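Structural features, examined
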Amino acid sequence: MTAERYNPRESEAKWQAVWEARKTFQTSNEDPRPKYYVLEMFPYPSGRIHMGHVRNYAMGDVVARYKRARGFNVLHPMGWDAFGMPAENAAMQNKSHPARWTYTNIDTMRGQLKSMGLSLDWSREVATCDPSYYRHQQKMFLDFLSAGLVDRKKSKVNWDPVDHTVLANEQVIDGRGWRSGAIVEQRELTQWFLKISKYSQELLDGLDTLDRWPEKVRLMQRNWIGKSEGLLVRFEVAAATAPAGLTELEIFTTRPDTLFGAKFMAIAPDHPMAAAVAAGNPELKAFIEECRRGGTSVVALETAEKMGFNTGVRVQHPFDPDWLLPVYVANFILMEYGTGAIFGCPAHDQRDLDFVNKYGLGNTPVVCPAEVHPANFKITDVAYDGDGRMINSRFLDGMSVPEAKEEVSRRLESSVWGDRPRARRQVNFKLRDWGISRQRYWGCPIPVIHCDACGVVPVPEKDLPVQLPDDVTFDQPGNALERHPSWKFVKCPSCSHDARRETDTMDTFVDSSWYFARFTDPWNKDTPTTRSAVDHWLPVDQYIGGIEHAILHLLYSRFFTRAMRITGHCEVSEPFRGLFTQGMVVHETYRAQDGAWLTPNEVKFSSDAAGRRAFSLATSAEVQIGPSEKMSKSKRNTVDPDDIIGTFGADTARWFMLSDSPPERDVAWTEEGVQGSARYVQQLWRLVHDLAGVAAPIGTRPLSAMTAEATAIRKAAHTHLMHVQENIERLRFNTAIAEIRKFSNTLLSLLSNAEAAPDDASRAAYREAADILVCMFAPMMPHLAEECWAVLGYSSPVSESAWPVLDMSLTKNDMISLPIQINGKKRADLTIDADADDAAVQSATLKLEAVQKALEGKAVRKIIVVPKRIVNVVVA
RNA sequence: GCGGACGUGGCGGAAUUGGUAGACGCAAGGGACUUAAAAUCCCUCGGGACUCCCGUACGGGUUCGAUUCCCGUCGUCCGCACCA
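Residues numbered from 1 in each chain as written. Chains lettered and ligands numbered in written order. Predicted model: local features only at pLDDT ≥ 70, side-chain atom pairs only at ≥ 80, totals over all residues. Heavy atoms only, no water.

**Looking at helix 4 (residues 98-115)**
- Here helix 4 spans 26 Å end to end across 18 residues, near enough to the 26 Å set by a 1.5 Å rise per residue.
- Looking at the packing, one finds that the buried side of helix 4 touches helix 2 (51-69), strand 3 (79-80), helix 3 (85-94), strand 4 (126-127) and helix 18 (641-648). (Helix = DSSP H or I, 4+ residues; strand = E, 2+ residues; numbered from the N terminus. Expected span 1.5 Å × (residues − 1). Contact = heavy atoms within 4.5 Å.)

The following block contains the structure:
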């Protein structure tokens, strides 16, 4: 049978319309089949989709379509993470409104996603900037508030004085605002916080249950939560040196065993004791100012030298009232961690060692490694933080580190000074509360009202949503809500006097912390979730997205889900049962002589045995081919999904995205690779026509009387079906694709090598094989599969058909071929009955000519038979 | 500095988790068809002294057998970063 070339442009549009008309991918919450929730991280509507989206959604769609075919009721929704700064920046530039920019982008991107042929339930689409979404977020905020999960407190923030907003730490680059370039100031602002740190331990423990998450992500979250167990110790201030009213200094340490190696105390510049001393000491005051200017940006911290200022205050060693330690204000002590004060043990802490070496305070080693004699153990530039026995430590001498920790803790806990013990054990976490206040317009308003008489008053539920006003201007930086003429002026809901709305909006990470729950019933107007729906669907069975969200989004969502559970909005604690983090899409870079970057469209290539060269289309000058890097506007190495889909079709783009690299690794987008995929589309198209020409009619069962050819066809079909299934289940799309290609190669050669017209047994087998082939690639190339399915005679879509039933008996062979090794080197092959026992395999091995030859004159020491794998003959 | 991952042909990668290294594809070379091009089809494709030997970054080890496990070295990438 001859076939026209497959025309993706026509077919793709046609089948997308069919799916939409038949509501093929709409999911009912009432469907009794087992549920499967597949979710890809929803996009920010920045304007157009990029190749990273194509990869992400192609993967999710394979899983969704596969699971649907396997009989699951699949939920596969899509929405928009639609609040955020870029919309305001665009509004400022274009003198328009963020909503207009956002919704225009959403329309464009929705169209692009639809052109990919994704099996999404578009009836559940949500946009976080829509009041029908954020009203529920406000409700939950109020629920969290009354459940004690929200805090309002002063905190130090990065303040951009040009953009008039708080910046996240990630948005501060070299101490400057990432957009404005202005030097970032540290400001104390009163901010709203979600009390995530209260759940540190629970979030840590929960990681152990997430066995279908990448180990890497779990480790990153573990480190981020940063649990450490230690001791809070109260040091008595020497009365003569005590600044006003301060009689003690409390520190946190994880190394109480090293207490006898202490040389100094250090406190943070913001520590109350520093302030107390500075009050009468202008020099210290200046030093503290300098530390503050140093900033908290990563770079500032990295390059900052250890600096200290001796306050003159002295404290007593807890085990020796006559041993006085000087108290320094030091720039490397953080007020936010522990108590903002430490004791310095230079011998066993690099940071402390650097400090004493600068200020000449010396060091005393107190932990001696096993292989060194204590008398010879000296510390100069490198602190020792390993194991060993205690030395120079009075009653601790000779103990191991854990023993010494325990002994110190025990003694100080039972030693009372004042009316309290000198020390208590404490667990500390690095995880800080989540500051969600943003001084921006385009975000979810925080639903509270400030009243001079009543304080902070929650907006009554009946007044939700607190909606963003439309009449705002973006002709100046800062928060448009703040300067709106009337929006913030309201009456206090409690006393009816004049009051003011909160003008801060929520961090957009709040929006994305529960969208997966909203998808389960986005139609509910009254409450954020419908318990029957959310409890049925959650957790998400397979979540797919970029590694860049390993901490923030995924940790916030895990916390938010717990908060929703506590406030009765859902049952689960962990939102994502399975997580997969896919790699980036990278592309070669092209650079002209003058240093200008060229896009892939501006370059032509020539290649021969000597290599591959690139030339500018415009000037014909040779351009340099640079390494593959993440697609970026600055390097101009981007490829537009619309162009690819327009030229090759969505199926080709999807297939190539999935075929070339393991999904967790970066994939290099290449023109040649895409063309290879496009060739394969046509190859499959021809193959299916050829198969249709020889296949028995639909519904023909494989015959019981099998010929050799029919057996070969059926075995190939079921063996490859088994492998494709396994590989899709494990998200190994690249190897699944290799199996499909192997199968189609096998069918091609069976068809072309057939000497006579196929008999009835073969025709029945070809029918089965053709059906299996199309079902196999349908998750990756759904449009082509539909068209092929029709060629095979089916009248309803393959997207609505069940996955083929695997017959395991056909994946096993009666005869197997075993490699025969002699002393670990392969020397022969043995074809033998698959269920021959070891003895039979051994004797057959020894009869082989090649083995006989290799054995000449040598004695067989032993024969190792690994059933169905390999035979190794060990000779002397 | 701390933590983690990785290192296989010209390239992307595969190898059933200790059992035939290089599946599948890309690129390249040769050939067929064609007036020609495209498309399609066939052959070759880790290296060599080619019935054999070498080869999975490098050096050791365990094992009948190591890309896989262990120790060390080198390199690349990622995360965290003065967290007491």
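**Some points on the side chain of asparagine 56**
- You can see asparagine 56 is positioned in helix 2.
- The exposure class of asparagine 56 is buried, given its relative accessible area of 6%.
- A distance of 3.3 Å separates a polar atom in the side chain of asparagine 56 from the backbone oxygen of isoleucine 544.
- Among all residues touching asparagine 56, those that are not within four sequence positions of it are Glu40, Met41, Ile544, Gly545 and Gln582. (Buried < 20%, exposed > 50% of the residue type's maximum accessible area, 1.4 Å probe, protein only. Polar contact = N/O pair within 3.5 Å; in protein donor to acceptor, adjacent residues only side chain to side chain.)

**Quick look at the packing of aromatic side chains**
- Across all of its chains, the model carries 38 aromatic pairs by this definition.
- Three or more aromatic residues joined by ring pairs form one cluster here, namely Phe42, Tyr515, Phe516, Phe519, Tyr543 and Phe576.
- Sitting above the plane of the tryptophan 19 ring, arginine 65 keeps its charged end 4.7 Å from the centroid.
- Its end group placed over the ring of tyrosine 680, arginine 741 keeps NZ or CZ at 4.1 Å from the ring centre. (Phe/Tyr/Trp six-rings, centres within 6.5 Å; stacked < 30°, edge-to-face > 60°. Lys NZ or Arg CZ within 6 Å of the ring centre and 35° of its normal.)

**Considering the packing of helix 20 (residues 671-694) against helix 23 (residues 760-777)**
- Put simply, helix 20 and helix 23 touch, their axes get as near as 8 Å, and they point 150° apart. The angle between helix 20 and helix 23 falls in the class roughly antiparallel. In the packing of helix 20 onto helix 23, the handedness of the crossing is left-handed. Together, Leu684, Leu687, Val688, Leu691, Gly693 and Val694 of helix 20 and Arg763, Tyr766, Ala770, Leu773, Val774 and Phe777 of helix 23 make up the contact between the two elements. (Axes fitted to C-alpha atoms, helices over the stretch in contact; angles between N-to-C directions. Parallel < 35°, antiparallel > 145°, perpendicular 65-115°, else oblique. Left-handed = near helix turned anticlockwise from the far one by under 90°.)

**As for the sheet that holds strand 29 (residues 579-582)**
- Read from one edge of the open sheet, four strands run 2-1-28-29, paired in parallel fashion. Two strands close off the open sheet at either side, each with one partner strand: strand 2 (73-75) and strand 29. Ignoring which end each strand starts from, the neighbouring axes of this sheet average 20° apart.
- As paired strands, strand 1 (residues 35-40) and strand 2 are joined by three bridges and run parallel to one another. Pairing of lysine 35 across the sheet is with asparagine 73, part of strand 2. (Pairing = 2+ DSSP bridges.)

**Description of the pattern of salt bridges**
- The final tally for this structure, using the stated rule, is 52 salt bridges.
- A salt bridge links aspartate 208 to arginine 222, with the shortest nitrogen-to-oxygen separation between them at 3.6 Å. With aspartate 208 in the loop between helix 6 (200-207) and helix 7 (215-225) and arginine 222 in helix 7, this residue pair connects regions lying 14 residues apart in the sequence.
- What emerges from the salt-bridge pattern is a single network uniting Glu202, Arg558, Arg562, Arg565 and Glu574. (Salt bridge = Lys/Arg side-chain N within 4 Å of Asp/Glu carboxyl O.)

**Focus on the side chain of aspartate 511**
- Mapped onto the elements, aspartate 511 comes out in helix 14 (residues 508-511).
- Here aspartate 511 occupies a buried position and makes no salt bridge, while the nearest side chain of opposite charge, arginine 438, is found at 10 Å.
- Contacts of aspartate 511, omitting those with residues within four sequence positions, involve Asp81, Phe83, Thr128, Tyr133, Gln137 and Cys444. (Lys, Arg positive; Asp, Glu negative; His and termini not counted.)

**A word on the sheet that holds strand 37 (residues 825-833)**
- One open sheet accounts for four strands, arranged 37-36-39-38; its pairing is mixed. For this open sheet the edge positions go to strand 37 and strand 38 (860-866), each flanked by a neighbour on one side alone. Within this sheet the neighbouring strands show an average axis-to-axis angle of 20°, counted without direction.
- Both strand 36 (residues 815-822) and strand 39 (residues 870-875) contribute to a ladder of three bridges, which runs parallel. Each residue of the ladder has a partner; that of isoleucine 822, found in strand 39, is valine 873.

**Regarding unusual backbone geometry**
- Here the residue pair leucine 464 and proline 465 is connected by a cis peptide bond, since its omega of 0° sits within 30 degrees of zero.
- Mapped onto the elements, proline 465 comes out in the loop between strand 24 (455-458) and helix 13 (480-483).
- In this chain, leucine 538 is followed by proline 539 through a cis amide linkage whose omega measures 0°.
- The backbone of serine 620 sits at a positive phi, close to 65°, despite the residue not being glycine.
- Tracing the chain through its elements places serine 620 in the loop between strand 33 (611-616) and strand 34 (622-630).

**Here we look at the packing of helix 20 against helix 24 (residues 782-791)**
- Remark: helix 20 packs on helix 24, axes separated minimally by 9 Å, with the N-to-C direction vectors making an angle of 15°. Regarding the angle of helix 20 to helix 24, the classification is roughly parallel. Viewed along their axes, helix 20 and helix 24 form a crossing whose handedness is right-handed. On helix 24, the residues touching Val681, Leu684, Trp685, Val688, His689 and Ala692 of helix 20 are Leu784, Glu787, Cys788 and Val791.
- Taken together, the residues of the contact of helix 20 with helix 24 break down into eight nonpolar, one polar and one charged. (Nonpolar A, V, L, I, M, F, W, Y, C, P; charged D, E, K, R; others polar.)

**Side note on the confidence of the model for chain A**
- On average, residues of chain A score 91 in pLDDT, and 97% of them reach the 70 mark or higher.
- Here residues 296-302 scores under 50 on pLDDT; set against residues more than four positions off or in separate chains, the count is nine contacts.
- As scored by the predictor, the complex reaches a pTM of 0.92 and an ipTM of 0.95. (pLDDT = per-residue confidence, 0-100.)

**Remarks on the protein's contact with RNA strand B**
- Taken together, 48 residues are adjacent to RNA strand B, and Thr254, Lys306, Leu334, Arg351 and Asn872 come closest.
- The sugar and phosphate moieties of RNA strand B supply 62% of its atoms located within 4 Å of the protein.
- In this structure, a sugar or linking oxygen belonging to RNA strand B sits 2.9 Å away from a side-chain N or O atom of serine 661.
- Note that a sugar or linking oxygen of RNA strand B is positioned 3.0 Å from one of the side-chain N or O atoms of lysine 742.
- The element that contributes the greatest number of residues to the surface near RNA strand B is helix 22 (residues 733-753), accounting for six residues.
- The residue makeup of the surface near RNA strand B, split by class, is 18 nonpolar, 11 polar and 19 charged. (Near = heavy atom within 4 Å.)

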